[in-house]
2 protein chains.
Amino acid sequence: MATGRTHRPATRSRGIPEATVARLPLYLRALTALSERSVPTVSSEELAAAAGVNSAKLRKDFSYLGSYGTRGVGYDVEYLVYQISRELGLTQDWPVVIVGIGNLGAALANYGGFASRGFRVAALIDADPAMAGKPVAGIPVQHSDDLEKIIQDNGVSIGVIATPAGAAQAVCERLVAAGVTSILNFAPTVLSVPDGVDVRKVDLSIELQILAFHEQRKAGEEAAASDGGAPTAAARSDSADQGPDGDMPAVMPA
Amino acid sequence: MATGRTHRPATRSRGIPEATVARLPLYLRALTALSERSVPTVSSEELAAAAGVNSAKLRKDFSYLGSYGTRGVGYDVEYLVYQISRELGLTQDWPVVIVGIGNLGAALANYGGFASRGFRVAALIDADPAMAGKPVAGIPVQHSDDLEKIIQDNGVSIGVIATPAGAAQAVCERLVAAGVTSILNFAPTVLSVPDGVDVRKVDLSIELQILAFHEQRKAGEEAAASDGGAPTAAARSDSADQGPDGDMPAVMPA
DNA sequence: GAATGTGAACCCGTTCACAGCG
DNA sequence: CGCTGTGAACGGGTTCACATTC
């Protein structure tokens, strides 16, 4: 990659492990659901089940945030919701622009999960003049000529790229030049960005390929009952492990 | 999670690390691009740059597949494309169904990256009777009443869930009962599945929240020029590290 | 008694650095 | 001589298990 050496401890004071940060939204969602059902407290065990992790991991994660639980009791739901929200920076408003309003861009614009978490779709941008002015999810699409102005007028620091692969790098550069420092990239390309800009990548095709790998392996195992010793009759496919707990992809710096 | 203990070595014979598997599609994409430009060979350095990883990692990754390179020269592009495709199981045809044909489902149906990698959208399924028969991406939408039959008739083992969160678990159970063993879930819910079924999760809102966390941290650091010792003038925000190389989320077992 | 919080052990993945080979 | 392939060192994350606290 461009600048591999950047393992700067940065804010060593509040060093929350990346893996933990990545799970906080999961906990937050589970907690929000509990909150809506007016559940006052949860144990690490219950919450972990709801979030799909194990309880030891959850407790360790929370320990990085501070001691927000009560021994013998559990965690106060409302309090935790607040603490995690604050930690993630969701107590403030994040204006977001989506560039590339095709099916995917439209899906993102309509996605309810944004608004509910402090994200506000400040603008939709597309290169097609025919789209300009058309409302999508109640927001009029603007032409990409005005990208820089839109970013600046709205104080946008997070951009979503949902353009075709070919346009992504150029869009990315314009976003960055205009002041965007975090990018969520749906285009199947490796974006290169200067230091200080975060890029996260979501790639549908990659996810499917990973599934295919495991799927193939399952099929293979079924046939290859050669090693185990289990008699043919017992050659159930359920031996395949259901995916390890932590994985990685999705991210992609520089 | 439901069944944590499943760390079965399974195919210990061909044990390719998960982290490596997750990167193979990345390499494959870069290689495909090179192949289209008729580039005959690449060095680990070049390919790594194109894929956005460092060369040591790439070489280590390839070493798990076998010794496909030539010392002093590099890797044969075509040969590697084939080997990786085979390893990922992309040399065979994977019929896929997409359930939930809203904006997102439609975006997925139209996504070109599928067809090009051995995936074939075998059917689109939606619960809305009004959608039935309507073509999306050239494929007529079918009603979810027929889900089981569709799965079986097409020999589908991979399902994509793009329904609202509330419907996801029910759809998931029907898919699994009908024989699907790999699921790509776009609904913001934790799916619980029996052993032997793989679930991968893509969650837009989570990705944004992770970005927000880092974004907030950047802003905080800018202000807190208290510790470093660098004089005020040098308080550039570019100190923020551009995201670690490997991350995790996106996956979610049971 | 019940559940949190955490040091220590463990495991997986990354990086280093160089031996091995064309 | 160049670049691959890999053992060894390193580091982060997960799990264990138990002391701690309500």
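The structure displayed is predicted, hence computed values, not measured ones.

### Describing the pattern of salt bridges
According to the stated counting rule, one finds 18 salt bridges over all chains in the structure shown. The residue R29 of chain B makes a salt bridge to D203 of chain A at a minimum N-O spacing of 2.7 Å. Of the two residues, R29 of chain B sits in helix 1 (residues 18-36) while D203 of chain A sits in the loop between strand 10 (198-201) and helix 9 (204-223), which places them in two different chains. With a shortest N-O distance of 2.7 Å, D61 of chain B and R23 of chain B are connected by a salt bridge. Placement of the pair is D61 of chain B in helix 3 (residues 55-65) and R23 of chain B in helix 1, with a sequence separation of 38 residues. Given a relative accessible area of 15%, R23 of chain B falls into the buried group. Salt bridges linked by common partners bring R29 of chain A together with K201 and D203 of chain B together as one network.

### Points about the side chain of Q169 of chain B
All names here are of chain B. Assignment of secondary structure puts Q169 in helix 8 (residues 165-178). Here the side chain of Q169 touches E173 through a polar contact of 2.8 Å, side chain to side chain. With sequence-adjacent residues up to four places away left out, Q169 is seen in contact with V190, L191 and S192.

### Structural notes on the UniProt feature "DNA-binding region" (unreviewed entry) in chain A
Using the residue numbers shown here, the UniProt feature "DNA-binding region" (unreviewed entry) corresponds to residues 26-65 of chain A. Annotated as residues 26-65 of chain A, this span is 75% helix and 5% strand, and its ends, taken at the C-alpha atoms, are 15 Å apart.

### Considering the packing of helix 7 (residues 147-154) of chain A against helix 8 (residues 165-178) of chain A
Residue and element names in this part refer to chain A. In the contact formed by helix 7 and helix 8, the axes pass within 9 Å of each other and the chain directions differ by 40°. Taken together, the axes of helix 7 and helix 8 are oblique relative to one another. Helix 8 is crossed by helix 7, and the crossing has right-handed handedness. For the pair helix 7 and helix 8, contact is made by L147, E148, I151 and Q152 and by R174, L175 and A178, respectively.

### A few points about the protein's contact with DNA strand D
Lining the immediate environment of DNA strand D, one finds 24 residues, of which R23, N54 and R71 of chain A together with S44 and Y75 of chain B sit closest. The contact in question runs from a phosphate oxygen of DNA strand D to an N or O atom on the backbone of G69 of chain B, over 2.9 Å. Interatomic distance of 2.8 Å between a side-chain N/O atom of Y75 of chain B and a phosphate oxygen of DNA strand D. Going through the elements one at a time, helix 1 (18-36) and helix 3 (55-65) of chain A together with helix 3, strand 2 (69-70) and strand 3 (74-76) of chain B are the ones with two or more residues in the surface near DNA strand D. Along the lines of polarity and charge, the residues of the surface near DNA strand D split into 5 nonpolar, 10 polar and 9 charged.

Definitions and cut-offs
Residues numbered from 1 in each chain as written. Chains lettered and ligands numbered in written order. Predicted model: local features only at pLDDT ≥ 70, side-chain atom pairs only at ≥ 80, totals over all residues. Heavy atoms only, no water. Salt bridge = Lys/Arg side-chain N within 4 Å of Asp/Glu carboxyl O. Helix = DSSP H or I, 4+ residues; strand = E, 2+ residues; numbered from the N terminus. Buried < 20%, exposed > 50% of the residue type's maximum accessible area, 1.4 Å probe, protein only. Polar contact = N/O pair within 3.5 Å; in protein donor to acceptor, adjacent residues only side chain to side chain. Contact = heavy atoms within 4.5 Å. UniProt positions renumbered as here; feature names shortened; annotations may be inferred. Axes fitted to C-alpha atoms, helices over the stretch in contact; angles between N-to-C directions. Parallel < 35°, antiparallel > 145°, perpendicular 65-115°, else oblique. Left-handed = near helix turned anticlockwise from the far one by under 90°. Near = heavy atom within 4 Å. Nonpolar A, V, L, I, M, F, W, Y, C, P; charged D, E, K, R; others polar.

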